[in-house]
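# Coordinate inspection notes
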Amino acid sequence: MPQAGIEPALPAPEAGALSPELLGRTERLYPAYPHNSPGWIGGMSLLSDLTQRFGDAFAAVGVDRSAGLVVPSQRPELAQYQCNGALGAAKRIGRNPRDLAQEVIDALDDRSMFDQLDIAGPGFINITVTDDFLAGYAEAMEHDHRLGLAEPDPRHKVIVDYGGPNMSKSMHVGHLRASIIGESLKRLLRLSGHAVDGDIHMGDWGMPIGQLIIELERRQPDLPYFDADFTGPYPEESPVTLDDLSEMYPIVVERCKNDPEEAERARRATFDLQNGRPGYLALWRHYRDVSVAEQKKDFEALGVEFDLWRGESTVHERLATLVDRLMNDDGLARESDGAIVVDVERPDDKKEMPPLLLTRSDGSYLYSTTDLATLDQRVEEGYDLILYVVDARQGLHFEQVFRAARLSGIAPDTVGLEHIAFGTVNGPDGTPFKTREGGVLRLADLMKIVTDAARARLDEAEIAQDYPPEEREQIARQVGLAALKFGDLSNHRTSNYVFDLDRFTSFEGKTGPYLQYGAVRIKSILRRANEAGIEPGPIIAPTIEQERGLILRLLRFPEVIGRAVDVRAPNVLTEYAYEVATDFNRFYEACHILREEDPQRQASWLSLVDLTLGILTISLETLGIEVPERM
Ligand code: ARG
């Protein structure tokens, strides 16, 4: 349920015209992250317009205007919208809610846009607007290049930290959600008008690198990287491939677990690397280069784009200063058995809150140190909202880092810090998704699996069969990715979900391929209309129920984007996109555009088709799903 407590500020629109005041308003209908976190910027929206009108009416009868929140009706057969504010307000001031509701209706400034205003039950106000009013809004939206969203407002600088692959390991299914959800959130925030950067934040500076150094030394001790007296230059060619590293990594991890001497050696190597031992640095560069080359390919195939290719190592020069500052200036850090820690627990903590580790007893730095230093850098660079799209299992880590950042003043209160947690992808048996052999599935292999499944579906449905082979292959890839992404994003990010390839790739039901196909079909309708010489024209008052239903759905677009941004949840948008597609199908079945005899009506319907395509395309794009030209 939406929450109350808004400050609506939208002026009345003139039917058919987009008033400039409608744009650029800051308003939040669904404030999930209040206070300093950027949410929806606002825009041209029927719901916020109605909310404004009812807010004014409540204010006119002496009640706080927040009671004026208007929401879509719970019983669409009775009304389009409803306002429930009279109930709570009447209770607070000790009045009869139905009487108050009537007073509010009487106090409405202008009632010409309402077709129906009823008081229902204990005091809900049921609202239906006139068809002319609806048409005016739809027409304005069709001519607005932002589809009703406010113009970009770069006042807030947001950074989305997502993907986060670790150097020296192939990306696997675990990185899938971070990449898909992060990319979509980044696009949502950008679409709603904020200035947003996506940062991959690679894991490239911790113990795993030390482990890989000692493993290579064990295998090839004669390489110059391990000779402390070597003065260079080091070879240009990497001594290992990413496959080598992936093979080496689990072996050395296992050995370190069982052999304290090996573990000690890995810690030592990590420390030496972090303190700039030239041979290790040269080797680290090779490890990084082979990893990044492969990861760039993986992310490109996945349609995930980063603005910043930074990593833990990016801040390595800040680490010593940061620890020193926390230790000496702030007096916040303390020594504990040779390690340096920051206490972050609070008296009211319900669960155990261990101190944040800044250095190990040997002086080497950790994941938490690089995260705190990175946060410091991001604040310095002027970001005022930092989103970490990371597995829910890292919740404690982020809680500790955020607390340390607040205590030390690294992150002032004006900077929003949010861990955007997500659950796991499970196999049919309900445990984390594995290959048939029981290993973790590599991302590249997963992509092949979904593309193969998509190709089989296309053959089965006889779609795109007579296209040139390259185009067909491209479509299979796009459909496979749509299946994968929609299958993931349509679950609320915090829930675990079962990877069900069969369901995800189906052209029926709530799936990526269904929506993609729907959008392609709309393109072909527009093409055929164009060939028949039909031109889109002004959107006129709807007369058919399915037509009205589609308009009402399309008009919700700006709010849906606002809500998805406010609650940081792409599944709000997957749900909406599905509803747009099904409402369109109903409309298209009821309104025979190509055969319509009234040219004005036909032109109006064609504009609605065009508006639907615009909204569906931008919605899918925001979910990271591409729409082929034809299929
Ligand atoms: N590399 C980390 C991992 O694989 C994820 C990084 C997430 N971002 C961060 N700022 N800690 O678990």
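For the structure, check the block above.
Remember, it's a predicted structure, so these values are computed and weren't measured experimentally. (Residues numbered from 1 in each chain as written. Predicted model: local features only at pLDDT ≥ 70, side-chain atom pairs only at ≥ 80, totals over all residues. Heavy atoms only, no water.)

Once that is clear, we can look at the overall build of the protein chain. When you go through the protein chain residue by residue, the secondary structure sums to 20 helices and 13 strands. A compact globule built from 631 residues would reach a C-alpha radius of gyration of about 25 Å, and the protein chain, at 28 Å, matches this within 12%. Taken along its principal axes, the extent of the C-alpha atoms in the protein chain is 85 × 65 × 45 Å. The burial tally for the protein chain puts 55% of its 631 residues in the buried class. (Helix = DSSP H or I, 4+ residues; strand = E, 2+ residues; numbered from the N terminus. Rg over C-alpha atoms; globule rule 2.2 N^0.38 Å. Buried < 20%, exposed > 50% of the residue type's maximum accessible area, 1.4 Å probe, protein only.)

The end-to-end C-alpha distance of helix H13 (residues 443-460) is 26 Å, a good match for the 26 Å that 18 residues give at a rise of 1.5 Å each. Of all the positions in H13, only Leu443, Leu446, Met447, Val450, Thr451, Ala453, Ala454, Arg457 and Leu458 are classed as buried. One face of H13 carries all of its buried residues, which in axial projection span an arc of 165 degrees. Opposite the buried face of H13, by more than 90 degrees, sit the exposed residues Lys448 and Glu460. Among the structural elements, helix H5 (174-191), helix H9 (278-302), helix H14 (469-489) and helix H15 (501-504) are those in contact with the buried residues of H13. Phi turns positive, to about 50 degrees, at Glu462, one or two residues after H13. (Expected span 1.5 Å × (residues − 1). Arc of directions from axis to C-beta. Contact = heavy atoms within 4.5 Å.)

Here the focus is the site of the ligand. As a matter of local geometry, the ligand sits amid Asp161, Gly164, Asn166, His201, Tyr367, Asp371, Tyr388, Val390, Gln394 and Phe398. Asp161 has a polar side-chain atom sitting 2.8 Å from a nitrogen atom of the ligand. Between the ligand and the protein, one listed contact pairs a nitrogen atom with a backbone N or O atom of Gly164 at 2.9 Å. Coverage of the ligand by the protein chains reaches 86% of its 350 Å² of free accessible surface. For the shell around the ligand, the secondary structure elements donating two or more residues are helix H11 (367-380) and strand E10 (385-391). Classifying every residue of the shell around the ligand gives four nonpolar, four polar and two charged. (Near = heavy atom within 4 Å. Polar contact = N/O pair within 3.5 Å; in protein donor to acceptor, adjacent residues only side chain to side chain. Areas by Shrake-Rupley, 256 points an atom, 1.4 Å probe, with all protein chains shown as cover. Nonpolar A, V, L, I, M, F, W, Y, C, P; charged D, E, K, R; others polar.)

A general feature of soluble globular proteins is that nonpolar side chains tend to end up buried together. Ranked by internal contacts, the top residues of the largest apolar core, which has 131 residues, are Phe54, Ile127, Leu446, Leu484, Phe557, Phe587 and Ile615. Each residue touching Ile615, except ones within four places of it in the same chain, is listed here: Met141, Leu147, Leu554, Phe557, Tyr576 and Val580. By size, the runner-up hydrophobic cluster in this structure holds 62 residues, among which are Tyr225, Ala333, Ile386 and Ile410. (Core = buried A, V, L, I, M, F, W, Y, C linked by side-chain atoms within 4.5 Å.)

On to the packing of aromatic side chains, then. Tallied over the entire structure, the rule returns 21 aromatic pairs. Seen from their ring centres, Tyr388 and Phe402 are 5.5 Å apart, and the 45 degrees between their planes marks the pair as tilted. Of this pair, Tyr388 sits in strand E10 while Phe402 sits in helix H12 (residues 395-407), and the two are 14 residues apart along the sequence. Just as Tyr388 is buried, Phe402 falls in that class too. A centroid spacing of 5.8 Å and a plane angle of 50 degrees characterise the contact between Phe584 and Phe587, whose relative ring orientation is tilted. Of this pair, Phe584 and Phe587 are both found in helix H19 (residues 571-590), three residues apart, which corresponds to roughly one turn of the helix. Grouped by ring-pair contacts, the aromatic residues Tyr162, Phe299, Phe306 and Trp309 constitute a single cluster. The ring centre of Tyr383 lies 4.5 Å from the NZ or CZ of Lys157, which sits over that ring. Between Lys296 and the ring centre of Trp309, over which it is positioned, the NZ or CZ distance is 4.7 Å. (Phe/Tyr/Trp six-rings, centres within 6.5 Å; stacked < 30°, edge-to-face > 60°. Lys NZ or Arg CZ within 6 Å of the ring centre and 35° of its normal.)

Ordered by their spatial adjacency, three strands build an open sheet running E7-E8-E9, and the pairing between neighbours is antiparallel. In the strand order of this sheet, the two ends are held by strand E7 (333-336) and strand E9 (356-359), each with one partner. Going across the sheet, the axis of each strand differs from the next one's by a mean of 40 degrees, ignoring polarity. By the bridge criterion, three bridges tie strand E8 (residues 339-342) to E9 in an arrangement that is antiparallel. (Pairing = 2+ DSSP bridges. Axes fitted to C-alpha atoms, helices over the stretch in contact; angles between N-to-C directions.)

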